[in-house]
Amino acid sequence: MNSHALQLTEATQGRLRRLNLATALPPIILAAVVVVMVDLQVWWHAFILAPGAAAAVVAFERWTANDVGRVAVPCLIIGAVVWPLGALVIDSPNAWWGVASVGSLAIPRLPRLRYAAGVALVGYVGAVGALRLLVEPGDAQKYILIPVGVTALIMALSYVGERFYDIVQELEVSKQREAELAVIRERVRFAGDLHDIQGHTLHVVKLKAALAQKLVRADPERAEEELREINLLVSDTIKQTKELAYGQRRLNLTAELENAKNLFEAAGIAVRITREAEADARTAELLGQVLRETTTNILRHAQATQVRMTLSADGITIVNDGARGETLPELRGLSTLRRRVAEEGGELTVSLREGEFVTAAVFR
């Protein structure tokens, strides 16, 4: 069965799966056991009823993993076979539960005709119940009214619940876009810094070059002086550009903390900042560079939902959840900063523990 899967990050999907398994799986297993035990008249009836109950549990487990489409068809077939066998062979009025449960999980995920399929499922449950009464007159309430009514109610609630997950998916997509925009804003800020460095210099160089061209014959010494100043300006611009590229330009730590907070909140990430003490003026700028690089890494490489930043007199620690994988990724920017921190008598460490990525810069 073709079934569209929700486009969620691994972290969000994992949280939803754990929540559903913890809150809904035990009641479903209990319901499956009750359905089998209530209608079990002799021991061999379990061979008819148990597969339908098991199909419902398996479908729910795969549904929590966002993978119900892979088992939907076999589970539906099993449930669809159990209901007529239960109703016609062993007089089980509750054997419809398996097919109704599987259908309520799989049908709302269909890419098209989901409502028609829901109506067909309700009709099938009612048709089998009606056939049971035609073969052997009995209680219409147990074999038609209750199965059809409850199946229709379950399907309606499933469609409503699926809309909830659509909203979760929309929020997830929005969060990803906010993170991408935050990175773009950081790049725009870098471009602005680069423009500040080079734009003014290039304009001055253009004017001085034009002036030197006019003075080259009339006043060679003045022209030479202008050319010397152009050379100094270009050299200084190259130096500043290198400093900017390697994150060595002077930064304000307080401003970087505020900027990081704004970027994370824009991306839907909860932020907690603890300022135990003010950083030493000698190391504040370097700590700001560590914070800026770490902020960019979190936005680009992690599926973070919360970030904790702790500033002390001798360093800074940034902890974020949503770390991907079990091994440390290669972070070139932090590798460059690690050398600079070491040159200043400090230590920059990165570690991964229990799904959290920890970046710490400490000066002794």
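Above this text sits the structure in question.
The sections below set out a description of the structure shown in this document. (Residues numbered from 1 in each chain as written. Predicted model: local features only at pLDDT ≥ 70, side-chain atom pairs only at ≥ 80, totals over all residues. Heavy atoms only, no water.)

1. Re the packing of aromatic side chains
The full count for this structure, using the stated rule, is three aromatic pairs. The cationic tip of arginine 132 hangs over the ring face of tyrosine 143; the distance from NZ or CZ to the ring centre is 4.6 Å. (Phe/Tyr/Trp six-rings, centres within 6.5 Å; stacked < 30°, edge-to-face > 60°. Lys NZ or Arg CZ within 6 Å of the ring centre and 35° of its normal.)

2. A few points about unusual backbone geometry
A positive phi angle, near 55°, is found at aspartate 91, a position not held by glycine. For aspartate 91, the position within the fold is in the loop between helix H4 (69–88) and helix H5 (97–106). Positive phi is not limited to glycine here, since leucine 113 has a value of about 55°. Take leucine 113: it is sitting in the loop between H5 and helix H6 (114–135). Leucine 113 gets classed as exposed once you look at its relative accessible area, which sits at 58%. (Helix = DSSP H or I, 4+ residues; strand = E, 2+ residues; numbered from the N terminus. Buried < 20%, exposed > 50% of the residue type's maximum accessible area, 1.4 Å probe, protein only.)

3. What to know about the layout of surface pockets
Rolled over the atoms, a probe as big as a water molecule pinpoints where empty space is left. Taken as a whole, the second largest pocket spans an internal volume of roughly 350 Å³. Lining the second largest pocket are 17 residues; nearest its centre among them are Ile28, Phe60, Ser104, Leu105 and Ser158. Residue assignment for the lining of the second largest pocket shows that the elements contributing at least two residues are helix H2 (25–39), helix H3 (46–64), H5 and helix H7 (140–218). The element best represented in the lining of the second largest pocket is H7, accounting for six residues. Across the lining of the second largest pocket, the residue classes tally to 11 nonpolar, five polar and one charged. (1 Å grid on protein atoms, 1.4 Å probe; cavity = no way out; pocket = protein on both sides within 12 Å on 5 of 7 lines; lining within 4 Å. Points joined across faces, edges and corners; volume = space filled by probe spheres on them. Nonpolar A, V, L, I, M, F, W, Y, C, P; charged D, E, K, R; others polar.)

4. Examining the pattern of salt bridges
In the structure shown here, the tally under the stated rule is nine salt bridges. Here aspartate 91 and arginine 132 are joined by a salt bridge, their closest N and O atoms 2.9 Å apart. Of this pair, aspartate 91 sits in the loop between H4 and H5 while arginine 132 is found in helix H6, placing the two residues 41 residues apart along the sequence. Residue class for aspartate 91 comes out partly exposed when judged on its relative accessible area of 32%. Glutamate 278 is the partner of arginine 275 in a salt bridge, and the nearest nitrogen-oxygen pair spans 2.9 Å. In this structure arginine 275 comes out as partly exposed when scored by relative accessible area, which is 37%. (Salt bridge = Lys/Arg side-chain N within 4 Å of Asp/Glu carboxyl O.)

5. A short note on the nonpolar core
Nonpolar side chains tend toward joint burial in soluble globular proteins. In terms of nonpolar packing, the biggest core is built from 42 residues, with Trp83 and Trp97 touching the most fellow members. Ranked by the residues each element gives to this core, the list is headed by H3, at eight residues. With sequence-adjacent residues up to four places away left out, tryptophan 83 is seen in contact with Ser92, Pro93, Ala95, Trp96, Tyr124, Val125, Val128, Gly129, Tyr143 and Pro147. Core analysis: the second largest hydrophobic core is formed by 31 residues, Leu253, Ile298, Leu311 and Ile316 among them. (Core = buried A, V, L, I, M, F, W, Y, C linked by side-chain atoms within 4.5 Å. Contact = heavy atoms within 4.5 Å.)

6. Notes on H2
Taking 1.5 Å of rise per residue, 15 residues should cover 21 Å, and H2 covers 22 Å from first to last C-alpha, within 8% of that figure. Regarding H2, the residues found buried are Leu25, Ile28, Ala32, Val35, Val36 and Asp39. Angular distribution of buried residues about the axis of H2 spans 90°; they occupy a single face of the element. Residues Leu30, Met37 and Val38 are exposed on H2 and point more than 90 degrees away from its buried face. (Expected span 1.5 Å × (residues − 1). Arc of directions from axis to C-beta.)

7. Side note on the packing of H4 against H6
Their axes nearest at 9 Å, the elements H4 and H6 cross at an angle of 20°. By the criterion of interaxial angle, the relationship of H4 to H6 is roughly parallel. Note that H4 runs across H6; the crossing there is right-handed. For the pair H4 and H6, the contacting residues are Ala80, Val81, Trp83, Pro84, Ala87 and Leu88 in the first and Tyr124, Val125, Val128, Gly129, Leu131, Arg132 and Val135 in the second. Among the residues making up the contact of H4 with H6, the classes are represented as 11 nonpolar, one polar and one charged. (Axes fitted to C-alpha atoms, helices over the stretch in contact; angles between N-to-C directions. Parallel < 35°, antiparallel > 145°, perpendicular 65-115°, else oblique. Left-handed = near helix turned anticlockwise from the far one by under 90°.)

8. Things to note about the side chain of serine 92
Note that serine 92 resides in the loop between H4 and H5. Classification of serine 92 by relative accessible area gives buried; the value is 0%. With near-sequence residues (within four places) excluded, serine 92 lies in contact with Asp39, Leu49, Trp83, Gly86, Ala87 and Tyr143.

9. As for the packing of H3 against H4
One can describe the packing of H3 onto H4 by two numbers: an axis separation of 8 Å at closest approach and a directional angle of 155°. Considered as vectors, H3 and H4 are oriented roughly antiparallel to each other. Two packed elements cross with a definite hand, and for H3 against H4 that hand is left-handed. For the pair H3 and H4, contact is made by Ile48, Leu49, Pro51, Gly52, Ala55, Val58, Ala59 and Arg62 and by Arg70, Val71, Cys75, Ile78, Val82, Leu85 and Gly86, respectively. Class assignment for the residues of the contact of H3 with H4 results in 11 nonpolar, two polar and two charged.

10. Here's the deal with the side chain of serine 312
Within the secondary structure, serine 312 is located in strand E2 (residues 306–312). Of the polar contacts made by the side chain of serine 312, one reaches the side chain of aspartate 314; its length is 2.8 Å. Contacts of serine 312, omitting those with residues within four sequence positions, involve Glu276, Ala277, Glu278 and Ala279. (Polar contact = N/O pair within 3.5 Å; in protein donor to acceptor, adjacent residues only side chain to side chain.)

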